[in-house]
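Topology and contacts: notes
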Amino acid sequence: MPRPRSPLTRLFTVLLAGLLVGLAVAVAALPGSLLGGYAAKAGLAAYDDLPDALRTPAQPQRSYLYAKDGATLLTTFYDVNRSDVPLAEIAPVMRQAIVAAEDRRFYSHGGADLRGMARALVANVTGGNTQGGSTLTMQYVRNVLKTDPSLSAADRAAATEQTLGRKLQEIRYATALEDRLSKDEILNRYLNIAYFGSGAYGIAAASQRYFAKSPADLTLAESALLAGLVQSPDQYSPIGGDQQAALDRRGYVLDAMAETGKITAEQAARAKAEKLALHPTAQPNGCAVTATADTGFFCDYLRRWWLAQPAFGATVAEREQALRRGGYRVVTSLDPDVQATAVAEARKVYPADDKRALPIAAVEPGTGRVLAMAVNRTYGLGSGETVNPLVSGGGSVQGYQAGSSFKLFTMLAALESGRPLATGFDAPSRLPTRYADDGEGNCDGKWCPANANPERMDGYRMMWDGFGRSVNTYFVWLAEQVGEDKVVEMAQRLGITFRAQADADFAAHDAHNWGAFTLGVAATTPLDLANAYATVAAEGTYCTPTPVVSVTAPDGTKVPVGEPSCKRVLSEDVARAATDAARCPVGQQSAYGQCNGGTATAVDRIVDRPVAGKTGSSEKNATETFVGFTPQVAVAGIAANPDDSTDLVGSAVQAKVIDAVARTIRTAVDGLPVRDFTAPSPELAGDPKRPEPPRPTPPTPSPTPQQDPGLPPDILRWLQGRRG
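Scope of this entry: the structure provided in the associated data block. Here the structure is a predicted model, which is why all the values come from computation and not from measurement.

Here we take up the overall build of the protein. Secondary structure summary: the protein contains 29 helices and 15 strands in total. For the protein, the proportion of its 724 residues judged to be buried stands at 55%. Within the protein, counting contacts between residues at least 6 apart in sequence, those at least 24 apart form 73% of the total.

Here the focus is helix α17 (residues 336–349). Along an α-helix, residues three or four positions apart point the same way, because every turn accommodates 3.6 residues. Compared with an ideal rise of 1.5 Å per residue, which puts 14 residues at 20 Å, α17 spans 20 Å between its outermost C-alpha atoms and is within 8% of the ideal. Val-338, Gln-339, Thr-341, Ala-342, Val-343, Glu-345, Ala-346 and Val-349 are the residues of α17 that are buried.

In this description, a pair of aromatic rings is defined by centroid distance and the angle of the planes. Summed over all chains, the structure comprises 21 aromatic pairs. Ring geometry for Trp-464 against Tyr-592: centres 6.2 Å apart, planes inclined by 40°, an arrangement best described as tilted. Of this pair, Trp-464 sits in helix α20 (residues 463–468) while Tyr-592 sits in the loop between α25 (572–582) and α26 (602–607), and the two are 128 residues apart along the sequence. Given a relative accessible area of 0%, Trp-464 falls into the buried group. You can call Tyr-592 partly exposed: its relative accessible area is 25%. Ring centres of Phe-629 and Phe-677 lie 5.7 Å apart, and the angle between their planes is 75°; this geometry places the pair in the edge-to-face category. Within this pair, whereas Phe-629 is found in strand β14 (residues 624–629), its partner Phe-677 is found in the loop between α27 (654–669) and α28 (682–685), the two being separated by 48 residues in sequence. Judged by its relative accessible area of 15%, Phe-677 falls in the buried class.

So, about the pattern of salt bridges. Tallied over the entire structure, the rule returns 25 salt bridges. For the salt bridge of Lys-183 with Glu-178, the shortest nitrogen-to-oxygen distance reads 2.8 Å. Residue Lys-183 is classed as buried on the basis of its relative accessible area, which comes to 15%. Classification of Glu-178 by relative accessible area gives buried; the value is 14%. Among the salt bridges present, the one from Arg-576 reaches Glu-572, with a minimum N-O distance of 3.4 Å.

With that settled, consider the environment of Tyr-47. Relative to the assigned elements, Tyr-47 resides in the loop between α2 (32–41) and α3 (52–55). For Tyr-47, a relative accessible area of 12% translates into the label buried. Distance from Tyr-47 to Asp-179, taken between C-alpha atoms, is 7.7 Å for residues 132 residues apart in sequence. Beyond its immediate chain neighbours, meaning those up to four positions away, Tyr-47 contacts Arg-55, Ala-176, Leu-177, Arg-180 and Leu-181.

Attention now goes to the sheet that holds β14. Within a beta sheet, neighbouring strands are joined by backbone hydrogen bonds and run either parallel or antiparallel to one another. Here 5 strands make up an open sheet; going across it, the order is β5-β4-β15-β14-β13 and the pairing antiparallel. Every other strand in the sheet has two partners, leaving β5 (370–374) and β13 (612–617) as the edge strands with one partner each. Pairs of neighbouring strands in the sheet enclose a mean axial angle of 5°, with direction left out of account. The sheet contact formed by strand β4 (residues 360–363) and strand β15 (residues 634–639) spans 4 bridges and is antiparallel. If you follow Ala-362 over to β15, its bridge partner there is Val-635. In the packing of helix α24 (residues 526–537) onto the sheet, contacts are made with β4, β5, β13, β14 and β15, and the angle to β15 comes to roughly 150°.

The topology assignment puts Leu-371 in strand β5. As for Leu-371 and Pro-336, which are separated by 35 residues in sequence, their C-alpha atoms are 8.2 Å apart. Residues in contact with Leu-371, not counting those within four places in the same chain, are Lys-68, Ser-333, Leu-334, Asp-335, Val-338, Ala-362, Val-363, Glu-364 and Val-633.

Across the 11 residues of helix α9 (residues 183–193), 9 count as buried, placing the element largely inside the fold. All of the buried residues along α9 are Lys-183, Ile-186, Leu-187, Asn-188, Arg-189, Tyr-190, Leu-191, Asn-192 and Ile-193.

Now for the packing of α17 against α27. Taken N-terminus to C-terminus, the directions of α17 and α27 make an angle of 165°; their axes are 9 Å apart at the nearest point. In terms of their interaxial angle, α17 and α27 are classed as roughly antiparallel. Every pair of crossing elements has a handedness; the one defined by α17 and α27 is right-handed. Residue-level contacts link Asp-337, Val-338, Thr-341, Ala-342, Glu-345 and Val-349 of α17 to Lys-656, Asp-659, Ala-660, Arg-663, Thr-664, Thr-667 and Ala-668 of α27.

Bringing the state of the cysteines into the picture now. This model, assessed by the stated rule, comprises 4 disulfides. Between the sulfur of Cys-543 and that of Cys-566 lies a disulfide, 2.1 Å long from S to S. Looking along the S-S bond of the Cys-543-Cys-566 disulfide, the torsion reads about 105°, which is the right-handed sense. Taken together, the positions of Cys-543 in strand β10 (residues 541–543) and Cys-566 in strand β12 (residues 566–568) put the pair 23 residues apart, joining distant regions of the chain. Between the sulfur atoms of Cys-584 and its disulfide mate Cys-595 the distance is 2.0 Å. Disulfide Cys-584 to Cys-595: torsion about the S-S bond roughly -75°, handedness left-handed. Of this pair, Cys-584 sits in the loop between α25 and α26 while Cys-595 is found in the loop between α25 and α26, placing the two residues 11 residues apart along the sequence.

Moving on, we come to the pairing of β5. Taken across its 5 residues, β5 has 5 buried, putting it largely inside the fold. Sheet topology places β4 next to β5; 4 bridges connect them, and they run antiparallel. Across the sheet, the residue bridging to Val-363 is Val-370, located in β5. Linkage of β4 to β5, two consecutive antiparallel strands, is achieved through a turn of 6 residues, within which Gly-366 is found at a positive phi near 85°.

Within the largest apolar cluster, 109 residues are counted, with the highest numbers of intra-cluster contacts made by Trp-306, Phe-409 and Met-411. Setting aside chain neighbours within four positions, we find Trp-306 in contact with Phe-312, Arg-319, Ala-322, Leu-323, Tyr-328, Val-330 and Val-551. One finds Ala-100, Met-138, Ala-176 and Met-257 within the second-largest nonpolar core, a separate group that totals 63 residues.

Read from one edge of the open sheet, 4 strands run β2-β1-β3-β11, paired in mixed fashion. Lying at the two open borders of the sheet, with one neighbouring strand each, are β2 (73–77) and β11 (548–552). Neighbour-to-neighbour, the strand axes of this sheet turn through a mean angle of 15°, independent of strand direction. For strand β3 (residues 329–332) and β11, the ladder comprises 4 bridges, and the chain directions are antiparallel. Across the sheet, the residue bridging to Val-331 is Ser-550, located in β11.

How each quantity is defined
- Residues numbered from 1 in each chain as written.
- Predicted model: local features only at pLDDT ≥ 70, side-chain atom pairs only at ≥ 80, totals over all residues.
- Heavy atoms only, no water.
- Helix = DSSP H or I, 4+ residues; strand = E, 2+ residues; numbered from the N terminus.
- Buried < 20%, exposed > 50% of the residue type's maximum accessible area, 1.4 Å probe, protein only.
- Contact = heavy atoms within 4.5 Å.
- Expected span 1.5 Å × (residues − 1).
- Phe/Tyr/Trp six-rings, centres within 6.5 Å; stacked < 30°, edge-to-face > 60°.
- Salt bridge = Lys/Arg side-chain N within 4 Å of Asp/Glu carboxyl O.
- Pairing = 2+ DSSP bridges.
- Axes fitted to C-alpha atoms, helices over the stretch in contact; angles between N-to-C directions.
- Parallel < 35°, antiparallel > 145°, perpendicular 65-115°, else oblique.
- Left-handed = near helix turned anticlockwise from the far one by under 90°.
- Disulfide = S-S within 2.5 Å.
- Core = buried A, V, L, I, M, F, W, Y, C linked by side-chain atoms within 4.5 Å.

Rendered as structure tokens:
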């Protein structure tokens with residue numbers, strides 16, 4: 001609510017308004033051209049002294065996104081959102097509507113309408129409808145200056161300051177423009193730069209955004225609606241805004257057109273009676289319609305990354321503008337072949353319109369460059385489409401449980417603590433733990449996870465076959481020996497982000513009691529998971545995921561973004577040891593010959609080169625996961641229902657997920673030299689010929705206040721799921 005003016009302020013403003021009205025009456029009889037010429041001669045401003053952007057309007061500078069080959073065009077920002085059109089290609093009723101709505105005396109003033117300014121001031125002071133006193137020419141000046149990429153952020157911000165100095169500058173510049181340019185030229189420039197709401201800049205974009213047509217084809221009712229938006233685009237926008245307010249504003253514009261004689265009262269009445277007939281197109285942010293098919297999710301990830309980079313501006317709005325108008329050439333990290341394979345494989349598992357999804361991410365070890373982000377779903381706002389970041393997470397997407405793929409973090413924590421791969425334990429079918437549990441299947445009031453397939457999993461296990469056969473009780477026991485908090489910290493070190501609040505709280509405040517973490521009960525994403533395994537593939541070097549290879553500004557200079565940002569988070573030997581055990585699940589053999597069964601043995605045949613990986617099934621097979629890697633690529637896929645965690649995908653889909661990820665790996669390494677993994681040291685492998693005696697299971701103490709996570713039993717049981 002506006003702050004009420006004091007009586008003295010109101011009196012002063014009324015007096016000032018009276019002076020302006022008197023001045024307006026005095027000059028009203030002067031022709032607009034004469035007033036403009038007089039202003040120029042009085043030294044208000046000379047055309048040649050105007051900012052370059054006002055004398056020579058900058059053409060929209062699209063930013064181009066290419067695949068990593070630097071030649072395959074992915075998309076542009078913003079191809080549809082902003083494109084100039086000549087006045088002849090704008091419907092006459094649209095031209096008339098904008099003049100009637102914003103500046104009825106446009107064709108008679110010389111750039112600054114003192115009479116209109118006084119009328120607006122009096123209306124505002126006396127409590128009438130709030131009005132603006134700016135002419136179309138002054139508005140054009142303001143729009144140019146606030147969006148001019150050659151100006152500093154401070155100068156652009158100053159262009160919209162509510163100060164007398166700024167208003168006088170607008171008058172000076174507007175007068176100079178009117179002295180040189182025709183009215184139609186100014187009107188054309190204005191219509192090509194005005195913001196119409198819902199992301200549409202310029203009349204061409206607005207026509208497409210609201211009515212899916214060119215500006216030449218706009219009807220009277222459509223023109224009046226669009227003309228009414230520019231005064232307050234967010235308030236009046238019928239897309240995501242107040243449709244009745246938009247219709248009321250449309251009626252105001254139609255009345256104004258009738259009052260100026262551009263249409264009859266009958267025409268205005270008929271147009272007012274028309275229903276709002278929108279045909280909105282998806283907001284053209286460059287990702288909804290891409291030049292290369294099915295790259296929308298990657299494009300969206302790049303855009304989110306871009307908006308977080310200070311190199312493109314101090315604020316999100318400035319970075320958005322830089323992408324939309326900055327004219328950058330962006331070579332992304334996306335590999336078109338890997339992307340195409342991943343999409344095709346995902347759609348073999350689920351069709352594009354299925355409620356279930358198989359998001360797949362591929363990452364390059366040692367650089368963090370994202371080679372593919374694919375899913376069976378279609379990116380967009382249409383029926384059955386989605387713009388949710390299903391592969392990378394964010395917004396409402398917290399991720400999916402990835403099951404036993406999290407056992408990697410327990411193994412890494414154990415290896416880092418000095419326990420070798422040969423660490424042995426006689427894994428039972430069920431393992432009583434120290435955690436209280438009053439749910440179904442508890443063991444004397446304690447949580448006791450079970451092996452999914454006792455025949456294949458029970459018995460004496462070491463890390464090699466414990467990982468290869470995915471033995472739950474072995475890894476729950478191992479996590480107890482190492483410390484569950486160390487396992488959680490290891491996952492975070494490798495880039496696992498806890499987007500679900502319950503997971504984040506557990507990790508921050510009670511990680512030492514998160515016994516089920518090793519079974520993959522925390523939500524994650526294919527991108528996080530692929531990058532974590534890529535860290536192991538890179539022998540312990542973690543790299544922040546990045547979607548770009550290079551960004552070049554219009555002047556040819558390189559923007560300092562996108563270079564790999566890497567650091568060592570594991571010793572080489574620990575990473576090599578984990579990789580050696582990860583050869584077991586995929587049907588290959590470790591350097592020490594200790595693999596004796598795996599859950600994804602088809603991978604060896606499909607990839608046909610050194611490869612490692614791990615499967616994962618969440619409780620009751622709600623999700624199915626596979627992540628695999630070679631020294632040159634890591635790929636993860638998680639089958640899930642992104643919108644309903646109670647919709648169980650079922651165990652039958654696991655084989656399809658494995659095949660989809662393995663074939664994506666095969667495409668990624670096609671043509672690359674075959675590289676083998678380096679064997680770990682004998683010290684970290686241990687001596688499998690002389691297995692260690694089983695470590696005694698620690699006594700099960702009664703829960704203490706420090707161990708109790710303080711969550712309701714049903715939530716605790718959910719977090720401590722029973723299956724890998």
